[in-house]
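Residue strings, one per chain:
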Amino acid sequence: MKKLIRNFLSLTALSLITLSIYAKKIKLYPTENGIIRGKVVEEVGALIVPFAGVALYESTAEQVLFTTQTDENGYFKFINLKSGSYRIKVSYVGYTILFVNEIIITGKDFDKNIGTLKLSNESSMLSEVVITAQKPIVEFGADVITYNVGASILAEGSTATDVLKNVPMVQVDIDGNATIAGKRSTRIFIDGKPSEYMTSNIADLLNVLPSDAIEKIEVMTNPPSKYSGDGEGILNIVMKKGFKVGFNGNLGVTAGLQGNSNANANASYKGKNYSFNGGGSYRQNIAKSDNQNYRTNLFPDTTFYLNQFNDSRNLGDGGNIRLGLDLDITPKQNLRLSTNYNVNSNNNRTGTDFYDINEQLKEVRLRNQQNLGDGKSNNFVFTADYNLKTDTIGGALSMGITINTNANISYRTFNRTYAFPANLNPTLQQNSNETGNDGITFNLDYDKPIFKKRDRLEFGIAYNYRKNDNDLLVENFNFSSQRYITDKKLTNKFFYNENIFSGYTAYNYRKNGWGIKTGLRAELTNVNFDLSTGSNYNVDPYISLFPNISLSRFFKKRYNLGATYSVRVNRPRENSLNPQVNNSDTLNISYGNPNLTPAYTHQMDFSFGAFGEKWSFTPRISYSKSSGVIERYRIVNKNGVSESTFENVGSNTALSLMLNGNYRPNTKIVSNASFRVFQTNYISLLNSSLNRDGFGFSAVFGLSMQLPFKTAFESNVNYANTPNAQGRSKGSINSSFAARKIFFKNKLTARVSASDPFGRRNNIIFNQGDNFISESYGTNNSSNLMLSLSYRFSKIKTNKVVIPPPPKK
């Protein structure tokens, strides 16, 4: 009996000890759903680093928690992590050890993708590299500037147009058109594909695209050969595609004192090998502006003046719906489908007074014009992308197709009356304009490393088709018969067809801190267009070659040098070719020029970069020379009517200096700045007035601060002053400020933002020709105070995973 009792007590004690140890294990290593993932590449050439060692630590611990290796494509992942602060160490033979600190996992933000980590060659580094997981708002590269939308408070609860106003080197005019400073032609891409193929008015698309759906915006001053050769620069809007495990989403609403408001909702579900995502948004905005224009008309026998004063109000609203599917067919095959539908409508009113003044400064005529307009547009885009890993050393094949259709209808009336002289009769005109825009884009790309993954060879083909139909009906009211009569001189139909076949090849190589990227793109362009009047324009098909080369050198841990050269083209398209006359302002008419030819630009950049633990400084010198430059050109007739059209005005050379920098004094404060000054020179055989030169400059400054009690602050200030062939455009200092507070365990976010609190946005335009001088002063209701609320939700799917035991001491 004693032996039995002794055995029972021993077994009980052993069980209690085992349970105690197991309980401690559970306490120390609870089952959680935290994930840390990323990718490792080489700093020079961005080629993947397979089988690199990755170690995970708790932030306050010196002992390794878990270890893993990158796979054949450079990816790594740690799963089932509890909430807390972590750091990782990445190491590989021949490369400097890299630490990533301050990786925070919370119940809300449990899937932490720390992005692409770049290992530096030991021969060019002095010690370990330490970085943080938080992305800066702005990243400056040798030939690209990246604006991380998700890191910006100003971007929350806004649209793509609002975000672009804060991006360095980007200018957004009063109509919402975005351009790269110093570039005459800027292309807007979405996920690497031309967006102007998707709509007849890109400003409408950007104004309805919610910022919550955007991951980042890339400003490409030297686009690689994979991209179209059209445009001196590219703004590439990269949409969000990475989705967390389970069901996640957010709801948001924004309202402003000016009457602007928007609401949006996004949701995604990610399973084992697939993910669904969808979103919708609605916005309403009220735009008000006023403009004053003073024109002096100079002729040999007389001088007279035309002064215009107008104010306008535009009420617009629109919606956006997005759906997407991402499917891993097999471990080597992926299919991504997405669709996007936009709808916009607007109602506008404009009133203008025209004063005709003679040489004796006496008012001889006063005319008033009231314009009323209504417009509607819709746009549908479907995209399918297929990706295949062809081998185990990094070969990849990708194929994509985009189909789009767009329709735009606008109705406008122009009521013109005269205060004096009394013998002039009033006129009433109405315009009906229907525009259709359809397109197909196809691409097939393949890339693969050749020599031990130190290089990458790329090649591909693409086809772009675009069809545009523009039907304009102009009618004048006959007061005698009390009915509208068709104006046969102005009524017309414009048909435009464009086919572009292209192919490219590119090669990237890097070794011992040196990197070279070179490529060649060839494009065959076939364009034809005609008018319903019987005028046909068939442009002879032409082939364009676009070489591209980039050299870089990284050394001594924190320095790099870079040089790039590329050739770009600015093709005339329907908006500049269409000869239909716009006489909405009968004293300032405009029309396109069907005889335009492509303009080619040779551009070079030389850059230097210096990087410290808390700062970066990347100055750049750029030079470009363009022939056949396409710009608007204005003349004034003897009767005082101004005619504006597009012309190949001549050649242009430009030299610019850009200074970019980031400074992070601590983990809570980040500042960035960009300053650009440039000199431009025009030479023209078209008109001696176009032989001019001038200086321009632009500047952007941004500040972001993380404050106590889960609050944050961000501000942005920018200014631009740019010359053109016939004058100069000078803007005002534009500013925006925002403060954010997070509530309820990071689920609810409240943001207050102010745009241009110190004064309305204004713009001054100066133009001069052989026989006129024009000055225009415009302002709009950009001053606004807005409140945004956003609620994030998630429902995580729990998978049973065996937790590895703690490392043995």
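The structure displayed is predicted, hence computed values, not measured ones. (Residues numbered from 1 in each chain as written. Predicted model: local features only at pLDDT ≥ 70, side-chain atom pairs only at ≥ 80, totals over all residues. Heavy atoms only, no water.)

A.B. asks: Looking at this model, I keep getting lost on the overall build of the protein. Mind explaining?
C.D. replies: Assigned secondary structure in the protein consists of four helices and 43 strands. By the burial criterion, 46% of the 809 residues in the protein qualify as buried. (Helix = DSSP H or I, 4+ residues; strand = E, 2+ residues; numbered from the N terminus. Buried < 20%, exposed > 50% of the residue type's maximum accessible area, 1.4 Å probe, protein only.)

A.B. asks: Sorry, what's going on with the environment of K89 here?
C.D. replies: As for its placement among the helices and strands, K89 is situated in strand β5 (residues 84–91). Since its relative accessible area comes to 23%, K89 is described here as partly exposed. Separated by 36 residues in sequence, K89 and G53 place their C-alpha atoms 8.0 Å apart. With near-sequence residues (within four places) excluded, K89 lies in contact with G53, V54, A55, Y57, I97, L98 and F99. (Contact = heavy atoms within 4.5 Å.)

A.B. asks: Just to check I follow, could you spell out the pairing of strand β19 (residues 274–299) for this structure?
C.D. replies: On a regular strand, one side chain projects to one face of the sheet and the next to the other, so that they alternate. Sheet analysis places strand β18 (residues 261–270) next to β19, joined by 10 bridges and oriented antiparallel. Bridging from a neighbouring strand, Y269 pairs with F276 of β19. Remark: three residues form the turn of the hairpin made by β18 and β19, two consecutive strands paired antiparallel. Where β19 folds back on strand β20 (residues 302–330), the antiparallel hairpin that results is connected by two residues. Where β19 lies against strand β42 (residues 772–780), nine bridges are found, and the strand directions are antiparallel. Its bridge partner being in β42, S289 is matched across the sheet by N780. (Pairing = 2+ DSSP bridges.)

A.B. asks: Please explain the pairing of strand β30 (residues 559–570) as it appears in this structure.
C.D. replies: One ladder, built from eight bridges, connects strand β29 (residues 536–555) with β30; its direction is antiparallel. Residue S550 lies in a different strand from β30, and its bridge partner there is T564. Pairing of β30 with strand β32 (residues 599–611), which is carried by 12 bridges, proceeds in the antiparallel orientation. Bridge pairing in β32 links R568 to T601.

A.B. asks: Would you explain a nonpolar patch on the surface in this entry?
C.D. replies: A surface patch of nonpolar side chains, amounting to about 960 Å² of accessible area, comprises F606, W615, F617, I621, Y623, L655, L657, L659, Y663, F675 and F697. Sorting the residues of the nonpolar patch by element identifies β33 (615–636) and β34 (642–666) as the ones contributing at least two each. Summarising the element assignment, F697 is placed in strand β36 (residues 693–707). Residue classification places F697 among the partly exposed positions, given a relative accessible area of 31%. (Patch = residues over 30% accessible without salt bridge, like charges linked within 9 Å, V, L, I, M, F, W, Y side chains within 5 Å. Areas by Shrake-Rupley, 256 points an atom, 1.4 Å probe, with all protein chains shown as cover. Salt bridge = Lys/Arg side-chain N within 4 Å of Asp/Glu carboxyl O.)

A.B. asks: What's the story with the packing of aromatic side chains in this structure? I'm lost.
C.D. replies: Pairs of aromatic rings are described using the distance from one ring centre to the other and the angle between the two planes. All chains considered together, the criterion is met by 20 aromatic pairs. Centroid distance F477 to Y484: 5.1 Å. Interplanar angle 65°. Geometry classified as edge-to-face. Above the face of the Y57 ring, R87 is positioned so that its terminal group lies 4.4 Å from the ring centre. Above the ring of F354, the side-chain terminus of R367 is found at 4.1 Å from the ring centroid. (Phe/Tyr/Trp six-rings, centres within 6.5 Å; stacked < 30°, edge-to-face > 60°. Lys NZ or Arg CZ within 6 Å of the ring centre and 35° of its normal.)

A.B. asks: What should I look at first to understand the pattern of salt bridges in this one?
C.D. replies: Summed over the entire model, instances satisfying the criterion amount to 18 salt bridges. In this structure, the salt-bridge partner of R573 is D230, at a minimum N-O distance of 2.4 Å. Of the two residues, R573 sits in the loop between β30 and α4 (574–577) while D230 sits in the loop between β15 (214–220) and β16 (233–239), which places them 343 residues apart along the sequence. Taken as a pair, R573 and D230 share a single burial class, namely buried. Ionic pairing is found between D290 and R760, a salt bridge with its closest N-O pair at 3.7 Å. Linking D290 in strand β19 with R760 in the loop between β40 (748–755) and β41 (761–768), this pair joins segments that are 470 residues apart in sequence.

A.B. asks: Is there a simple way to explain the sheet that holds strand β4 (residues 75–81) in this structure?
C.D. replies: Two modes of strand pairing occur in sheets, parallel and antiparallel, and in both the strands are linked by backbone hydrogen bonds. With mixed pairing, the three strands of this open sheet are ordered in space as β4-β1-β7. The sheet is open, and its two edges are formed by β4 and β7 (111–119), each paired on a single side. On average, adjacent strands in this sheet sit at an angle of 15° to one another, irrespective of strand direction. Strand direction decides the pairing type here: strand β1 (residues 34–42) and β4, joined by five bridges, are antiparallel. From the neighbouring strand, G38 faces β4, where its bridge partner is F76. (Axes fitted to C-alpha atoms, helices over the stretch in contact; angles between N-to-C directions.)

A.B. asks: What's the story with the confidence of the model for the protein in this structure? I'm lost.
C.D. replies: Caution applies to low-pLDDT regions: their predicted coordinates should not be interpreted in detail. Averaged over every residue, the pLDDT of the protein is 83; residues scoring 70 or more account for 86%. Element-level pLDDT for the protein is lowest in helix α1 (residues 2–28), with a mean of 42, against a maximum mean of 96 in strand β26 (residues 483–486). Scored below 50 in pLDDT, residues 1–5 makes zero contacts in the model with residues more than four places away or belonging to other chains. In this model, residues 796–809 is a region of pLDDT below 50 whose contacts with residues beyond four sequence positions or in other chains number 24 contacts. (pLDDT = per-residue confidence, 0-100.)

A.B. asks: Please clarify how the environment of R632 should be interpreted in this entry.
C.D. replies: By secondary structure assignment, the location of R632 is in strand β33. When the C-alpha positions of R632 and N724 are compared, they lie 9.4 Å apart, and in sequence the two are 92 residues distant. Sequence-distant contacts of R632, defined by excluding residues within four places in its chain, comprise S590, S644, T645, F646 and Q726. At 3.1 Å, the side chain of R632 and the side chain of S644 are in polar contact. (Polar contact = N/O pair within 3.5 Å; in protein donor to acceptor, adjacent residues only side chain to side chain.)

A.B. asks: Before we go on, may I ask you to explain the side chain of N371 in this structure?
C.D. replies: When you line up the elements, N371 lands in strand β22 (residues 363–389). A relative accessible area of 7% means that N371 is categorised as buried. Every residue in contact with N371, bar those within four places of it in the chain, is listed here: N348, R349, T350, R412, T413, F414 and S584.

A.B. asks: What should I look at first to understand unusual backbone geometry in this one?
C.D. replies: Trans peptide bonds make up the majority, and among non-glycine residues the majority have a negative phi. Cis geometry marks the peptide bond from F420 to P421, where omega comes out at -5°. By the element assignment, P421 lies in the loop between β23 (396–420) and β24 (427–448).

A.B. asks: It is not clear to me how the side chain of N583 should be interpreted in this structure. Could you clarify?
C.D. replies: Residue position: N583 is located in the loop between α4 and β31 (588–590). By relative accessible area, N583 is classed as buried at 12%. Sequence-distant contacts of N583, that is, excluding residues within four places in its chain, are made with R416, Q429, N431, L490 and I589.

A.B. asks: I keep staring at the environment of K467 and nothing clicks. Help me out?
C.D. replies: Position of K467 relative to the elements: it lies in strand β25 (residues 455–478). Between the C-alpha atom of K467 and that of G436, which follows or precedes it by 31 residues, the distance is 7.9 Å.

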